[in-house]
Amino acid sequence: MQDQEIITELATIIKNIRPTVDTSNVTRDTVLSTDLGLDSLCMLLVALAIETKFEIRFDDSTNFKTVGDATDYIKAKMAEKV
């Protein structure tokens, strides 16, 4: 799966959780907390949705700042499954 495909899926997940957030310009550099306004509860919901969508499990210490961080983590976890 390519970066842009993952970013598009992440934008969809975020939009489903926070419908009022504009996700039309989400990039690798988009900061989840400040640019998208995701608080800790929203981040938990996003993490759960990512686990379901991509069929991966997060490590306990996983913490993302940007969409790129999440994308890289998802790609690495998907590669482990192969």
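Residues numbered from 1 in each chain as written. Predicted model: local features only at pLDDT ≥ 70, side-chain atom pairs only at ≥ 80, totals over all residues. Heavy atoms only, no water.

1. Brief notes about the packing of helix α1 (residues 3-17) against helix α2 (residues 40-54)
- Here α1 crosses α2 at 130 degrees, and the two axes come no closer than 10 Å. Between α1 and α2, the angle is such that the two are oblique. For α1 against α2, the interelement crossing comes out right-handed. Along its contact with α1, which presents I6, E9, L10, I13, I14 and I17, the element α2 presents C42, L45, V46, A49, I50, K53 and F54.
- For the contact of α1 with α2, the per-class residue count stands at eleven nonpolar, no polar and two charged. (Axes fitted to C-alpha atoms, helices over the stretch in contact; angles between N-to-C directions. Helix = DSSP H or I, 4+ residues; strand = E, 2+ residues; numbered from the N terminus. Parallel < 35°, antiparallel > 145°, perpendicular 65-115°, else oblique. Left-handed = near helix turned anticlockwise from the far one by under 90°. Contact = heavy atoms within 4.5 Å. Nonpolar A, V, L, I, M, F, W, Y, C, P; charged D, E, K, R; others polar.)

2. Some thoughts on empty space enclosed by the protein
- On inspection of all chains with the given rule, the structure shows one cavity of 30 Å³ or more.
- Volume-wise, the largest cavity comes out at about 40 Å³.
- Along the walls of the largest cavity sit L10, I14, L32, M43, V46, I50, F64, V67 and A70, which together make up its complete lining.
- Elements with a minimum of two residues in the lining of the largest cavity: α1, α2 and α3 (67-81).
- In terms of residues, the lining of the largest cavity owes the most to one element, α2, which gives three residues.
- Residue composition of the lining of the largest cavity, grouped by class: nine nonpolar, no polar and no charged. (1 Å grid on protein atoms, 1.4 Å probe; cavity = no way out; pocket = protein on both sides within 12 Å on 5 of 7 lines; lining within 4 Å. Points joined across faces, edges and corners; volume = space filled by probe spheres on them.)

3. Digging into a nonpolar patch on the surface
- A grouping of L41, L44, L45 and L48 is seen on the molecular surface, where their side chains present a nonpolar patch of about 370 Å² in accessible area.
- Structurally, L44 is set in helix α2.
- For L44, a relative accessible area of 49% gives the class partly exposed. (Patch = residues over 30% accessible without salt bridge, like charges linked within 9 Å, V, L, I, M, F, W, Y side chains within 5 Å. Areas by Shrake-Rupley, 256 points an atom, 1.4 Å probe, with all protein chains shown as cover. Salt bridge = Lys/Arg side-chain N within 4 Å of Asp/Glu carboxyl O. Buried < 20%, exposed > 50% of the residue type's maximum accessible area, 1.4 Å probe, protein only.)

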